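Okay, here's what each chain looks like letter by letter:
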Amino acid sequence: MATDLHELLRSLRVWDPEVTSLPPFDPESAPGEPLTLFTEWFAGAVAAGQPEPHTMSLATADGEGLPDVRTVMLHGADGDGWSFATHSTSRKGRQLTARPYAALGFYWPAQARQVRVRGPVAAAPAEAAQADLHARSTGALAAGLTGRQSSVLGSVAELARASEAAWERARREPEAEVPSWTLYRLRPREVEFFQGDERRRHVRLRYRREPDGWARELLWP
């Protein structure tokens, strides 16, 4: 019997108390800038057993303004911004060249929390990008050396051959450089924190960057 998508959707429970703990969030006690609160929430997601809390949605737009989104990994967050990396020649790399502005979305269902980040994006110096790549696993370097991300692939066999050659080089040359590998930093202009509530009284706290610091405001859910 074919699976009925609508029946599946209706059968799902949102924030099931058997598997989800809704922590309290008092926006009045939130810190004056978003990075501190993000770090606290990220640590809370890790402690709650949230799988892969460092994954995030990255939304960009192409030269015509058409949106695109994919899941990538957070590489860091500090005073320089929220960091992620990819090939400059990839689809998202080309989009960021055409329109250097992006949005990030974190969703941690184990605690019914979301964080949204928006702002301009700039490439870090090449040395920082290579250091970022070499701090990761051999597999990450092999993937970087395989290259050609987002290009049309002729066959799975072609990928297997290129990947095997890249793995051999990564093991042989652990400091091999990948010129197209780019570390991007999103400098936030807005950061929103969303805490879900089982009675749908969700708390939304938005930080907006202003010339003299961060402004904070609550949003209707």
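Quick caveat, the model's predicted, so the values are computed rather than measured.

Peer 1: Summarise the side chain of H87; cite the residues concerned and give the values.
Peer 2: Tracing the chain through its elements places H87 in strand β4 (residues 81–87). On the basis of relative accessible area, H87 is assigned to the buried category, the value being 4%. Of note is the side chain of H87, whose polar atom sits 2.7 Å from the side chain of S180.

Peer 1: So what about the environment of P53? Which residues, and what values?
Peer 2: Among the structural elements, P53 can be located in the loop between α2 (34–47) and β1 (55–61). Aside from chain neighbours lying at most four places away, what touches P53 is F42, A45, V46, F106 and W108.

Peer 1: Any chance you could break down the layout of surface pockets for me, citing the residues and the numbers?
Peer 2: One number sums up the size of the largest pocket: a volume of about 360 Å³. In terms of lining, the largest pocket is formed by 16 residues, of which the most central are A85, T86, R136, Q149 and W181. Sorting the residues of the lining of the largest pocket by element identifies β2 (67–73), β4 and α5 (138–146) as the ones contributing at least two each. Per element, the largest residue contribution to the lining of the largest pocket is 4 residues, and it comes from α5. Split into classes, the residues belonging to the lining of the largest pocket amount to 6 nonpolar, 8 polar and 2 charged. Forming the walls of the second largest pocket are T146, G147, R148, S151, V152, L153, G154, E158, L159 and A162. Tallying contributions element by element places helix α6 (residues 156–172) first for the lining of the second largest pocket, with 3 residues.

Calculation rules
Residues numbered from 1 in each chain as written. Predicted model: local features only at pLDDT ≥ 70, side-chain atom pairs only at ≥ 80, totals over all residues. Heavy atoms only, no water. Helix = DSSP H or I, 4+ residues; strand = E, 2+ residues; numbered from the N terminus. Buried < 20%, exposed > 50% of the residue type's maximum accessible area, 1.4 Å probe, protein only. Polar contact = N/O pair within 3.5 Å; in protein donor to acceptor, adjacent residues only side chain to side chain. Contact = heavy atoms within 4.5 Å. 1 Å grid on protein atoms, 1.4 Å probe; cavity = no way out; pocket = protein on both sides within 12 Å on 5 of 7 lines; lining within 4 Å. Points joined across faces, edges and corners; volume = space filled by probe spheres on them. Nonpolar A, V, L, I, M, F, W, Y, C, P; charged D, E, K, R; others polar.

The analysis is restricted to geometry; functional conclusions fall outside its scope.
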